[in-house]
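Fold and contact review
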Amino acid sequence: MRKISALVIGLTVAAVCFAQSEPVVGYWISVDENTNRVTAGWEIYMENGVLFGRILSLADEPRGTIASACRERYDGFPTAGRVNAMEVAGTTWIYGLRRQNNGEWRGGKVINPADGNIYNCRIIFRPAGSRAGSRTFQTDTLEMRGEIAFGIGRSQYWNRTDRQTASGLWPN
């Protein structure tokens, strides 16, 4: 019995340490790459080694906004029920990503609740001071990329924040 308890405790501690060491996990502010405007506060989290992202608040929409532009159902969507009847905030819109390397996740989906379009998703952590192409990152940044196929898509660069800020973007 002691061996089983020690194994369970050891696995739990290892899982917590893994989650804390994964730099994409945490709170982020999404920024529209075309307008440079803040759009939403996000929580990126792991469950059973799979990465998910849920919107906590919206910068330009009131609380209770429904994702009415979405379809009723999407394959693999992690929340039961009619997607087009769900509130945008509090719903998981990024799902099913699998770890490729530390700070790099692929193979999942992202749904844009504003128009209902679904994309292949990848997320890459860009630490402060790192470079990607001609871009140098001044702060810890999350590159969230949605693609239709064959690498055709667009990236948004999100800024790390805390839970309070990510939850409090509601318009006045």
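Coordinates for the structure precede this section.
The present account deals with the structure reproduced in this document. Fair warning: this is a prediction, and the values are worked out from it, not measured in the lab.

This brings us to the pattern of salt bridges. With the rule as written, the count across this model stands at 9 salt bridges. Between E104 and R106 there is a salt bridge whose closest N-O contact spans 2.6 Å. Between E147 and R122 there is a salt bridge, and its shortest N-O distance comes to 3.4 Å. Taken together, the residues E147 in strand β9 (residues 141–149) and R122 in strand β6 (residues 118–126) connect sequence positions 25 residues apart. Several salt bridges share partner residues, and in doing so they unite R122, R145 and E147 into one network.

With that out of the way, let us pick up the environment of E72. Within the secondary structure layout, E72 lies in the loop between β3 (50–58) and β4 (92–101). Separated by 11 residues in the primary sequence, E72 and V83 have C-alpha atoms spaced 5.1 Å apart. Here E72 is in contact with G81, R82, V83 and N84, once residues within four sequence places are set aside.

Moving on to the pairing of strand β5 (residues 104–111). Of the strand pairs in this sheet, β4 and β5 are connected by 5 bridges, and their pairing is antiparallel. Looking at the pairing, Y95 lines up with K109 of β5. Counting the residues between successive antiparallel strands, the hairpin from β4 to β5 contains 2 residues, one of them, G103, with a positive phi of roughly 85°. Looking at chain direction, β5 and β6 are connected through 6 bridges and run antiparallel. Bridging across to β6, K109 finds its partner in N120. Here β5 hands over to β6 after 6 residues, with G116 in that stretch at a positive phi of 85°.

Before going further, it helps to examine unusual backbone geometry. Even without being glycine, N36 reaches a positive phi, approximately 65°. Relative to the helices and strands, N36 is located in the loop between β1 (26–31) and β2 (38–47). Under the relative-accessibility criterion, N36 is labelled exposed at 64%. A positive phi is found at N48, a non-glycine position, where the angle reads about 50°.

Parameters and conventions
- Residues numbered from 1 in each chain as written.
- Predicted model: local features only at pLDDT ≥ 70, side-chain atom pairs only at ≥ 80, totals over all residues.
- Heavy atoms only, no water.
- Salt bridge = Lys/Arg side-chain N within 4 Å of Asp/Glu carboxyl O.
- Helix = DSSP H or I, 4+ residues; strand = E, 2+ residues; numbered from the N terminus.
- Contact = heavy atoms within 4.5 Å.
- Pairing = 2+ DSSP bridges.
- Buried < 20%, exposed > 50% of the residue type's maximum accessible area, 1.4 Å probe, protein only.

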